[in-house]
Amino acid sequence: MNELFIAALELQHFCDQQQWRFCFIGGVAVQRWGEPRFTGDADMTLLTGFGEEQRFAVALLENFAPRRPDALEFALRNRVLLLQAANQIPLDVALGGLPFEENSIRRASAFGFPTGKFLTTCSAEDLVVHKVFAAREKDWLDVDGILARQWGKLNLDLVRGELKPLLELQEKPESMARLEQKIREHSRPFTTLPKPPPEP
């Protein structure tokens, strides 16, 4: 089995035991909804709310090795806990509390990967939101892959509705404009070349 999925399953199993609410985002979810690509870590959103982050982080640190000596302080400051699985695969656990993060986890569903195991990932729409919010060039490539594979099945109004307040907080309206441009590009029908005139 792929080492990444072994690591993701280890983290998922622990969260299930705690009866925590979560979903995988990032490269694991891209394998489901976009164009599969190499990813070296497993990213999860864990719903902690605001004020309970330390309780969740401490429990995770008792069961997973940290990737930095100040992992707890870093997590409380930046809302992401940097861990590693037993097989040394990096695990990034976002400590979720925003309405979007709660909605994303509520919309998440289990998916059977080629490994024969199931992982709970965010929806395709929520993955687009995550990618546009991150807005690295590799994220925009993932957006293209999701739009290409899921075209005609995506609830684009949901994507826009979730993105708008996030981008307002981020003060990056240009990211919405770039997404709209990509949507227009993917919505254009393929053009067919005109037939050559018949030979005399």
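This part covers helix α5 (residues 99-107). Regarding α5, the residues found buried are Phe-100, Glu-101, Ser-104 and Ile-105. One side of α5 holds all its buried residues, which, seen down the axis, span an arc of 135 degrees. Exposed side of α5, more than 90 degrees from the buried face: Pro-99 and Arg-106 are the residues found there. The secondary structure elements touched by the buried residues of α5 are β1 (22-25), β2 (42-47), β5 (90-96), α6 (124-134) and α8 (156-170).

Strand direction decides the pairing type here: strand β6 (residues 109-112) and strand β7 (residues 118-121), joined by four bridges, are antiparallel. When the sheet's bridge partners are listed, Ser-109 is paired in β7 with Thr-121.

Moving on: the packing of helix α3 (residues 53-61) against helix α4 (residues 71-78). The geometry of α3 relative to α4 is characterised by a closest axis approach of 10 Å and an angle of 145 degrees between their N-to-C directions. Seen along the crossing, α3 lies across α4 with a hand that is right-handed. Here α3 contributes Glu-53, Gln-54, Ala-57, Val-58 and Leu-61 to the contact with α4, which in turn contributes Ala-71, Leu-72 and Leu-76. A per-class count over the contact of α3 with α4 returns six nonpolar, one polar and one charged.

One can find Glu-53 in helix α3. For Glu-53, a relative accessible area of 11% gives the class buried. Not counting residues up to four positions away in its chain, the partners in contact with Glu-53 are Thr-48, Leu-76, Arg-79 and Leu-95.

Glancing now at the pairing of β5. When a strand is regular, its side chains alternate between the sheet's two faces. The buried count for β5 comes to six of seven residues, which makes it a mostly enclosed element. In this sheet, β5 lies alongside strand β4 (residues 80-84) in antiparallel orientation, the contact comprising five bridges. In the sheet register, Leu-83 faces β5, and the bridge partner there is Leu-91. The turn linking β4 back onto β5 is made up of five residues, and Gln-88 within it adopts a positive phi angle of 75 degrees.

A word on the side chain of Asp-142. Within the secondary structure, Asp-142 sits in helix α7 (residues 137-150). Asp-142 gets classed as buried once you look at its relative accessible area, which sits at 5%. Setting aside its immediate chain neighbours within four residues, Asp-142 contacts Val-30, Arg-37 and Lys-131.

Per-chain confidence: the protein chain averages 92 in pLDDT, with 94% of residues scoring 70 or above. Here residues 190-195 is a poorly scored stretch, pLDDT under 50, and it has zero contacts once near neighbours within four places are set aside; other chains count.

Within the secondary structure layout, Phe-64 lies in the loop between α3 and β3 (65-66). Taking the C-alpha atoms as reference, Phe-64 lies 11 Å from Leu-81; in sequence the two are 17 residues apart.

A rise of 1.5 Å per residue sets the reference length of helix α9 (residues 173-187), with its 15 residues, at 21 Å; its end C-alpha atoms lie 22 Å apart and thus fit the reference within 8%. On its buried face, α9 is in contact with α6, α7 and α8.

Quick notes on the rules
- Residues numbered from 1 in each chain as written.
- Predicted model: local features only at pLDDT ≥ 70, side-chain atom pairs only at ≥ 80, totals over all residues.
- Heavy atoms only, no water.
- Buried < 20%, exposed > 50% of the residue type's maximum accessible area, 1.4 Å probe, protein only.
- Helix = DSSP H or I, 4+ residues; strand = E, 2+ residues; numbered from the N terminus.
- Arc of directions from axis to C-beta.
- Contact = heavy atoms within 4.5 Å.
- Pairing = 2+ DSSP bridges.
- Axes fitted to C-alpha atoms, helices over the stretch in contact; angles between N-to-C directions.
- Left-handed = near helix turned anticlockwise from the far one by under 90°.
- Nonpolar A, V, L, I, M, F, W, Y, C, P; charged D, E, K, R; others polar.
- pLDDT = per-residue confidence, 0-100.
- Expected span 1.5 Å × (residues − 1).

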